[in-house]
Amino acid sequence: MSGFNVQLQLAGVLEWMSQQMAGCGGKTAVIGISGGKDSSTVAAMAVAAYGRNHVYGVLMPDGIQPDIDYSQALVEHLQIPHCTCNIHDAVAGVLSQLEQAGLTPSRQTVVNLPSRIRMATLYAVAQSVEGGIVLNTSNLSEDWVGYCTIYGDSAGAFSPLGMYTTEEVIALGRALGLPERFLIKPPSDGLTGLTDEDNLGFSYHAVNEYIRRGVCPDEAVREKIDRMHRASRFKFQTLPVYHNGLPMVIEDGTDYYK
Ligand SMILES: Nc1ncnc2c1ncn2[C@@H]1O[C@H](COP(=O)(O)OP(=O)(O)OC[C@H]2O[C@@H]([n+]3cccc(C(=O)O)c3)[C@H](O)[C@@H]2O)[C@@H](O)[C@H]1O
Ligand SMILES: Nc1ncnc2c1ncn2[C@@H]1O[C@H](COP(=O)(O)OP(=O)(O)OP(=O)(O)O)[C@@H](O)[C@H]1O
């Protein structure tokens, strides 16, 4: 991680977060708190940028979730206002309706639905607190290989960590004084018990070295990263809109579709 000046980056990103919040006209950063490094670091950054009374944490266990203790510990550590919304009934309700409609939910359905229910919940909370704005918690390493759910955890008003690798996120979290336990919790999909890295078949360190230094000694891993990167770019594009060549000209004469 040579060349990563954590204090410089932190100063820049906190300033940017303030500008983004002002641009949104918001007052309160709403963040889903899993107690892992990404949401913990975004929450700590939000406290530094806006003050703890302008940050609202949302704990969203899916039924009984043993590692929700981390989320509780994080909101207590940062002393931020928070609530718990258990998503189990919402997830089970959708799956049950699919089954009643004669559909068999695929593994993909079951893995991605909780993430989308969590995002719907975050927007519901944001509309129930003063000037609530949902912050995205994704990092560059996961986004690079598309390891996120479109319109689920990939959503939000702005993404403070979207250009930082997992290792850089940990450095930012440390610089903000977060206790180590929030930074080293191995990320997992919460479904199979496997870690992200087990599921992906390569380490985030390998992705980080590839992104930052262009180095990936294992050719099979490089090809897999490239393949996943290419296949997931649709998750980061704005919605294509059919416009049939019609101009959209507003006041200054600019055609906004060009
Ligand atoms: N080219 C294209 N253009 C537009 N849309 C396209 C598309 N290809 C697929 N799609 C649509 O997108 C869907 C697939 O995308 P999506 O629903 O996101 O799902 P998908 O990419 O299949 O899966 C997301 C992966 O990320 C993992 N994940 C999710 C959430 C959080 C984390 C984490 O650790 O942080 C990891 C999860 O375990 C899973 O392996 C398809 O079902 C299809 O509807
Ligand atoms: N149980 C939960 N309660 C609240 N928010 C959650 C929960 N699980 C996931 N989230 C939200 O969804 C985001 C993506 O969750 P995921 O489980 O994929 O973890 P991750 O990408 O490793 O992030 P983190 O490092 O924050 O755990 C989290 O950063 C958090 O904002």
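Procedures and definitions
- Residues numbered from 1 in each chain as written.
- Chains lettered and ligands numbered in written order.
- Predicted model: local features only at pLDDT ≥ 70, side-chain atom pairs only at ≥ 80, totals over all residues.
- Helix = DSSP H or I, 4+ residues; strand = E, 2+ residues; numbered from the N terminus.
- Expected span 1.5 Å × (residues − 1).
- Buried ≥ 20, exposed ≤ 12 C-beta atoms within 10 Å, placed from the backbone.
- Contact = placed C-beta atoms within 7 Å.
- Axes fitted to C-alpha atoms, helices over the stretch in contact; angles between N-to-C directions.
- Parallel < 35°, antiparallel > 145°, perpendicular 65-115°, else oblique.
- Left-handed = near helix turned anticlockwise from the far one by under 90°.
- Nonpolar A, V, L, I, M, F, W, Y, C, P; charged D, E, K, R; others polar.
- Right-handed = clockwise from strand over helix to strand, strands pointing away.
- Pairing = 2+ DSSP bridges.
- Core = buried A, V, L, I, M, F, W, Y, C linked by C-beta atoms within 7 Å.

The terminal C-alpha atoms of helix H2 (residues 37–50), which comprises 14 residues, lie 20 Å apart, in line with the 20 Å expected from a rise of 1.5 Å per residue. Extensive coverage of H2 is indicated by the burial of eleven of its 14 residues. Listing the buried residues of H2 in full gives Lys37, Asp38, Ser39, Ser40, Thr41, Val42, Ala43, Ala44, Met45, Ala46 and Ala49. Taken together, the buried residues of H2 touch helix H1 (6–24), strand E1 (28–32), strand E2 (55–59), helix H3 (68–78), helix H7 (166–175) and helix H8 (180–184). Gly51, located one to two residues past H2, shows a positive phi value of around 95 degrees.

Let's shift gears to the packing of H2 against H7. To describe two helices that pack against each other, one gives the angle between their axes and the distance between the axes. In the contact formed by H2 and H7, the axes pass within 9 Å of each other and the chain directions differ by 45 degrees. In terms of orientation, H2 and H7 fall into the oblique class. Seen from above, H2 lies across H7 with left-handed handedness. Seen from H2, the contacting residues are Lys37, Asp38, Ser40, Thr41 and Ala44; seen from H7, they are Val169, Ile170, Leu172 and Gly173. Tallied by class, the residues present in the contact of H2 with H7 amount to four nonpolar, three polar and two charged.

Turning next to the pairing of E2. With respect to burial, E2 is a largely interior element, five of its five residues being buried. Here E2 shows no split at all, with Val55, Gly57 and Leu59 on one side and Tyr56 and Val58 on the other all buried. Crossover connection from E1 via H2 to parallel E2: handedness right-handed. Of the strand pairs in this sheet, E2 and strand E3 (residues 82–84) are connected by three bridges, and their pairing is parallel. Bridging from a neighbouring strand, Leu59 pairs with Thr84 of E3.

The strands making up a sheet associate through backbone hydrogen bonding, with each pair oriented either parallel or antiparallel. The four strands are arranged E3-E2-E1-E4 in an open sheet whose pairing can be described as parallel. Bordering the open sheet on either side are E3 and strand E4 (132–134), each of which pairs with just one other strand. The average undirected angle you get between the axes of adjacent strands in this sheet is 25 degrees. Relative to E2, E1 runs parallel, the two being bridged by four bridges. Residue pairing in the sheet places Ile31 in a bridge with Gly57 of E2.

What follows is about the pairing of E1. Of all five residues in E1, five are buried; the element is thus mostly enclosed. Across the two faces of E1 the burial is the same, with Thr28, Val30 and Gly32 and Ala29 and Ile31 all buried. As judged from the three bridges shared by E1 and E4, these two strands associate in the parallel manner. Bridged to Thr28 within E4 is Gly132.

Counting 41 residues, the largest nonpolar core has Ala29, Val30, Ile31, Ala43, Ala46, Val58 and Leu135 as the members making the most contacts within it. Listing elements by their share of this core, those giving two or more residues are H1, E1, H2, E2, H3, helix H5 (107–126), E4 and H7. Setting aside anything within four residues of it in sequence, one finds Ala46 in contact with Met17, Ala29, Ile31, Val55 and Leu135. Formed by eight residues, the second largest nonpolar core is a distinct cluster that contains Val145, Ala206, Val207 and Tyr210.

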